[in-house]
Protein chains: 2
Amino acid sequence: MKIEMSDEKKKLEEEIQSESDDERDGEELIKYYSAASEIAAGNNAGGEELFVPPLNFAMVDNGIFRSGYPDTANFGFLQSLRLRSILCLCPEPYPEANAEFLRANGIRLFQFGIDGCKEPFVNIPDDTIREALKVVLDTRNHPLLIHCKRGKHRTGCVVGCLRKLQRWCLSSVFDEYQRFAAAKARVSDQRFMERFDISSLKHLPASFSFSQGH
Amino acid sequence: MKIEMSDEKKKLEEEIQSESDDERDGEELIKYYSAASEIAAGNNAGGEELFVPPLNFAMVDNGIFRSGYPDTANFGFLQSLRLRSILCLCPEPYPEANAEFLRANGIRLFQFGIDGCKEPFVNIPDDTIREALKVVLDTRNHPLLIHCKRGKHRTGCVVGCLRKLQRWCLSSVFDEYQRFAAAKARVSDQRFMERFDISSLKHLPASFSFSQGH
């Protein structure tokens, strides 16, 4: 029995970390996340609750975070961030459990739906990214979490355009994008970031670590 | 002439982003970083100086950053972070140009040298990681940059142990480690993080986003 559990756990962990997960639908994802949460709880012999950050979670800047789609297993961690808003880049209606979490914690939802199309049918709307960036740069919305489904392409493009505003050189912008997209990195996304015109946003304060109190 | 430059630029960018760079020595690295800086300057038609963050640069938490070895090309960017200290995990003496940058900017250097050995000769000293973590967790040292040579293994282990203190579940700790180590991820590093005993550090305030003023 113990061996069976151990094998199952190993298999689940492998599946959670697999890169070839773009084809999975939402329901399946929830199953995997819940499994991750159970694994976390099982690893925790001390009895203290462990945090499960969302897939591909990272800190972008002071008061700005990025991730894949948050699931119920991640709510405890998200609560610890004391978020003021969430910027969702998926066009689908926000799931009821997530909407309820937002209501209960007084978190404002900004939704800028972009289709998560696959290459070569990618068409990233310039104006939507621009409007999303205005929300991201407004410190009144901080702490803020940017997310799409996997935290790779749509989120990667918004963060990449933010880095351009922060005057990062393109090779560093692409390096960061590729760290999250890994095997799924798209040349079309990188071309979009390279061509994205930041001149209309230059009046906004956007330097890296711009909201830090030091 | 223009075509030659363009080809050279492309080749350099490919080499900079290559994963198989573990064998390069310091002098070669400086050459590549300088090239990256020149590329950045060349891309910048607007005349404004672009920032070149160090290799594998990222924000770990409020006031805590991570990266590979900073080079002169990165000094402009590092200045913008208004660092109070740098935690270097390499045993070699700090290069004169870097030491001079630290002096000029009033940045304190903490050095906890760990040999960057290759598997299977890896022996990560538990006590050194523990002492390094105390420096990282002391907000009087913030903003602080943690770095080793590539920002993958030694830095990854320190950040991974910090995440354990922040009660992240192990799969999330490994996910973050792997994002930076990519093809160079080591099972031995992950085993080290899994076995690392945080109980002696639990009195230190370490929750994620612990120094944020929200």
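Everything numeric here is computed off the predicted structure, so don't read it as measured data.

Before going further, it helps to spend a moment on the relation of the copies chain B and chain A. Expressed as a screw transformation, the operator carrying chain B onto chain A has a rotation angle of 180 degrees and an axial translation of 0.0 Å, and the superposed copies differ by an RMSD of 0.0 Å. Taken together, the turn and the small shift mark the pair as related by a two-fold rotation axis.

Next up on the list: the packing of aromatic side chains. Residue and element names in this part refer to chain B. Taken as a whole and judged by the stated rule, the model has 16 aromatic pairs over all chains. When the ring of Phe57 is compared with that of Phe77, the centres are 4.9 Å apart and the planes differ by 85 degrees; the resulting orientation is edge-to-face. Taken together, the positions of Phe57 in the loop between helix H2 (26-43) and strand S1 (58-61) and Phe77 in helix H3 (residues 75-80) put the pair 20 residues apart, joining distant regions of the chain. You'll find Phe57 and Phe77 in the same group, each marked buried. Geometrically, the ring pair formed by Phe75 and Phe101 is stacked, given 4.3 Å between the ring centres and 15 degrees between the ring planes. Of this pair, Phe75 sits in helix H3 while Phe101 sits in helix H4 (residues 96-104), placing them 26 residues apart in sequence. Per residue, the accessibility class of Phe75 equals that of Phe101, and both read buried. Across the ring face of Phe180, the terminal group of Arg66 is positioned such that the distance to the ring centre comes to 3.6 Å.

A word on the environment of Ile146(B). Residue and element names in this part refer to chain B. Considering the arrangement of structural elements, one finds Ile146 in strand S5 (residues 144-147). Overall, Ile146 belongs to the buried group, its relative accessible area being 0%. Here the alpha-carbon distance between Ile146 and Phe196, two residues 50 residues apart in the chain, equals 19 Å. Among all residues touching Ile146, those that are not within four sequence positions of it are Ile64, Phe65, Arg66, Ser67, Leu87, Leu89, Val136, Thr155, Val158 and Val159.

A few words now on the nonpolar core. Ile129(A) and Ile129(B) are the most contacted members of the largest nonpolar core, which has 108 residues in total. The residues touching Ile129(A), leaving out its near neighbours within four places in the chain, are Ile114(A), Ile124(A), Cys157(A), Val158(A), Cys161(A), Phe192(A) and Phe196(A).

All names here are of chain A. Side-chain alternation along strand S5 (residues 144-147) places Leu144 and Ile146 on one buried face and Leu145 and His147 on a second face that is also buried. Pairing of strand S2 (residues 64-67) with S5, which is carried by four bridges, proceeds in the parallel orientation. Residue Arg66 lies in a different strand from S5, and its bridge partner there is Ile146. The pairing of strand S3 (residues 85-88) with S5 spans four bridges and is parallel. Its bridge partner being in S5, Cys88 is matched across the sheet by His147.

Calculation notes
Residues numbered from 1 in each chain as written. Chains lettered and ligands numbered in written order. Predicted model: local features only at pLDDT ≥ 70, side-chain atom pairs only at ≥ 80, totals over all residues. Heavy atoms only, no water. Least-squares fit on C-alpha atoms with pLDDT ≥ 70 in both. Phe/Tyr/Trp six-rings, centres within 6.5 Å; stacked < 30°, edge-to-face > 60°. Helix = DSSP H or I, 4+ residues; strand = E, 2+ residues; numbered from the N terminus. Buried < 20%, exposed > 50% of the residue type's maximum accessible area, 1.4 Å probe, protein only. Lys NZ or Arg CZ within 6 Å of the ring centre and 35° of its normal. Contact = heavy atoms within 4.5 Å. Core = buried A, V, L, I, M, F, W, Y, C linked by side-chain atoms within 4.5 Å. Pairing = 2+ DSSP bridges.

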